[in-house]
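The residues making up each chain are set out below.
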Amino acid sequence: MLRRGLRAEIRWFCIWLAVFATTGLLLGGLTAALLCFSFGYIGWIFTRLYKLEGWVNQARRKHPPEEELHGVWADITDDVQLMFNRHEKEKLRLEAVVYRVQEMTTALSDGVVLVDARGNIEWWNRAAGELFNFQNIDLGQKVTNLIRFPKFIRYYDKGDFNEPLDHTLAHKNQLEVEFLVHPFGQNERLIVIRDISRLSKLERMRKDFVANVSHELRTPLTVLRGYLETLEDADNVPPVWHKALGHMQSQATRMTSLINDLITLSRLETDEKEHSQETVNLFALSNIIAEDARHISGDKRHLISVSGDHDITIYGREQELRSAVSNLVFNAINYTSKEGVILIHVSQGVDGTHISVSDNGEGIDPKHIPRLTERFYRVDPGRAVTSGGTGLGLAIVKHVLLRHNAELRIKSAPGRGSEFTCYFPPARSVIPIQRSA
Ligand code: ADP
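Being a predicted model, the structure only gives us computed values, none of them experimental. (Residues numbered from 1 in each chain as written. Predicted model: local features only at pLDDT ≥ 70, side-chain atom pairs only at ≥ 80, totals over all residues. Heavy atoms only, no water.)

A.B. asks: Mind showing me how you'd approach the layout of surface pockets here?
C.D. replies: Empty space among the atoms can be located by rolling a probe the size of a water molecule over them. Volume-wise, the second largest pocket comes out at about 900 Å³. Around the second largest pocket sit 37 residues that line it, and N327, N331, N334, Y335 and G389 are the ones nearest its centre. For the lining of the second largest pocket, the element with the highest residue contribution is helix α10 (residues 318-334), accounting for 8 residues. Taken together, the residues of the lining of the second largest pocket sort by class into 14 nonpolar, 16 polar and 7 charged. When we break the lining of the second largest pocket down by domain, the ones giving at least three residues each are domain 3 (202-269) and domain 4 (275-428). (1 Å grid on protein atoms, 1.4 Å probe; cavity = no way out; pocket = protein on both sides within 12 Å on 5 of 7 lines; lining within 4 Å. Points joined across faces, edges and corners; volume = space filled by probe spheres on them. Helix = DSSP H or I, 4+ residues; strand = E, 2+ residues; numbered from the N terminus. Nonpolar A, V, L, I, M, F, W, Y, C, P; charged D, E, K, R; others polar. Domains from an automatic or database assignment.)

Dropping the structure here:
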């Protein structure tokens, strides 16, 4: 069905064509009359197009031009006007949404910075502006030129944002913040900066609490153990008490081990890791530990040996490394049956220095491996009491290795033994001194 405007256009076209054709016939010049009509009609169309084009291109188009735009031209202007109105409404709606989002992010106490694909700052909210004193002139600048402490630059350039980055802002009264980077769109990034002062304070309180409780418990426990030992040795204690005293003594020993491990862990968590690095010969250290382990193995008569290069030395803290490797070896003793084989192997390669402790003991189901270094995680909780372990051994190993930029890798299968390997980065290796002939 034709629209009214188009119908009117066709009607007027036909009327004018008929008028010109009749006049041409009457005057004996039909061709000339039709030519006149065609030129006139084309000219008329051009004037309409000119008007329409002028109106469409107006910066602030309000109403269609009233005069001389009738018929199909009026329909076209109405359609364009309708589209324009819809577009205006959509634009206003989107502007309102953008304004709301801006209002919301301004109300956020977290800093938010938007970075484009080239690493330039596109936008920030008020909190981020206050944290880093951003000015309007900083728009379009490289983010690493404006947040420019080395730790952040390394973290940002590395592009691995699985873990947040913690930092203390010295220019903001030692405010502790956490940077979270979320990649989105076409390699753009959203940086969220959170104030974690409260969390850090709680974490410090937790560590202090554990350290203080452990220290406080040590003295009364020493007194109790002293009395228990005296009672066990006394001649006038009725025989019926001997079994109970034995139990009390072993539980007190267990509590002492627990408290000692808790104190070790809190020291590892709170001590500054940078100071007092020394050179540690891992082969010599392994031999000392193996000697201790043979005594502990006692009746179980494990075959404990050390292999590898005698000269392998790394920068580290001897006492901590001794505690970590001892924990691995004592676990091997605990979880390997009589006369089992335990090997400490020290080696060096291009990827750094390795020290591994392997055994042919009971092994571990792979599903437990990712959780073994959690505090008090046990594969078999029922065995916890009989094994004499505190459940903190591997947590201590993990912390020691973290402080040496090293990592623990575990290979094990049930019934096929286990291998715990500590990987130290090449930067920790001390070049072995060549012995003169
Ligand atoms: P625990 O004091 O209970 O030994 P750890 O943190 O040292 O605590 O070890 C956690 C758990 O890992 C242990 O309970 C044990 O189940 C398992 N495990 C550790 N070392 C070995 C090993 N060499 N062989 C088998 N299981 C082991």
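A.B. asks: Honestly, empty space enclosed by the protein in this entry has me stumped. Any pointers?
C.D. replies: Using the criterion set out here, one finds 3 cavities of 30 Å³ or more in the structure. In this structure, the largest cavity spans a volume of roughly 40 Å³. In this structure, the largest cavity is lined by K207, V210, L262, L265, S266, E269 and R375. Taken together, the elements giving at least two residues each to the lining of the largest cavity come down to α7 (197-233) and α8 (240-270). Here the lining of the largest cavity gets 4 residues from one element, more than from any other, and that element is α8. In terms of residue class, the lining of the largest cavity is made up of 3 nonpolar, 1 polar and 3 charged.

A.B. asks: How do you make sense of the sheet that holds strand β13 (residues 429-430) when you look at a structure like this?
C.D. replies: Here 3 strands make up an open sheet; going across it, the order is β6-β8-β13 and the pairing antiparallel. With partners counted over all chains shown, the strands left at the sheet margins are β6 (278-281) and β13, one partner each. Here strand β8 (residues 313-316) pairs with β13 via 2 bridges, running antiparallel. Bridging from a neighbouring strand, T313 pairs with V430 of β13. On top of the sheet, α10 reaches β6 and β8; it is set at about 35° to β6, its chief contact. (Pairing = 2+ DSSP bridges. Contact = heavy atoms within 4.5 Å. Axes fitted to C-alpha atoms, helices over the stretch in contact; angles between N-to-C directions.)

A.B. asks: Explain the site of the ligand to me, please; I cannot follow it from the model alone.
C.D. replies: In the vicinity of the ligand lie 17 residues, with N331, Y335, T390, G391 and L394 positioned nearest. Within the contact set of the ligand, a nitrogen atom lies 3.0 Å away from a side-chain nitrogen or oxygen of D359. Within the backbone of G393, one N or O atom sits 3.4 Å away from an oxygen atom of the ligand. Considering the ligand on its own, with 520 Å² of exposed area, one finds that the protein chains cover 97% of that surface. Using a 2 Å cut-off from the grid points, one finds that the ligand occupies the second largest pocket. Mapped by element, the contributors of at least two residues to the shell around the ligand are α10, α12 (393-403) and β12 (418-424). Partitioning the shell around the ligand into residue classes produces 9 nonpolar, 6 polar and 2 charged. (Near = heavy atom within 4 Å. Polar contact = N/O pair within 3.5 Å; in protein donor to acceptor, adjacent residues only side chain to side chain. Areas by Shrake-Rupley, 256 points an atom, 1.4 Å probe, with all protein chains shown as cover. Sits in = over half its atoms within 2 Å of the grid points.)

A.B. asks: Looking at this model, I keep getting lost on the sheet that holds β12. Mind explaining?
C.D. replies: Pairing between the strands of a sheet comes from backbone hydrogen bonds, and it takes one of two forms, parallel or antiparallel. Taken in spatial order, the 5 strands of this open sheet run β7-β9-β10-β12-β11, and their pairing is mixed. One side of each edge strand has no neighbouring strand; the edge strands of this open sheet are β7 (303-308) and β11 (407-412). Each neighbouring strand pair of the sheet contributes to a mean axis angle of 15°, computed without reference to strand direction. Seen against the sheet, helix α9 (residues 282-297) touches β7, β9 (341-349) and β10 (352-359) and runs at an angle of roughly 175° to β7.

A.B. asks: Looking at this structure, how should I read α12?
C.D. replies: Note: α-helices contain 3.6 residues per turn, so residues at a spacing of three or four share the same orientation. α12 sits mainly inside the fold: 9 of its 11 residues count as buried. Of the residues making up α12, those classed as buried are G393, L394, A395, I396, V397, H399, V400, L401 and R403. After α12 finishes, the residue N405 shows a positive phi value of roughly 50°. (Buried < 20%, exposed > 50% of the residue type's maximum accessible area, 1.4 Å probe, protein only.)

A.B. asks: Teacher, can you tell me more about the side chain of T144 here?
C.D. replies: Position of T144 relative to the elements: it lies in helix α5 (residues 143-146). The contacts of T144, once residues within four sequence positions are left out, are F152, I153, Y156 and D157.

A.B. asks: What exactly am I supposed to notice about the pattern of salt bridges here?
C.D. replies: Opposite charge on two side chains lets them pair, provided their charged atoms get close. Scanning all chains against the criterion turns up 17 salt bridges. Across the pair E176 and R204 runs a salt bridge whose closest N-O atoms are separated by 3.5 Å. In this pair, E176 is assigned in strand β4 (residues 175-184) and R204 in helix α7, connecting sequence segments 28 residues apart. A salt bridge links E407 to R409, with the nearest nitrogen and oxygen atoms 3.5 Å apart. Among the charged side chains, a network of salt bridges with common partners joins E203, R206, E269 and R375. (Salt bridge = Lys/Arg side-chain N within 4 Å of Asp/Glu carboxyl O.)

These values are about where atoms sit, not about what they do.
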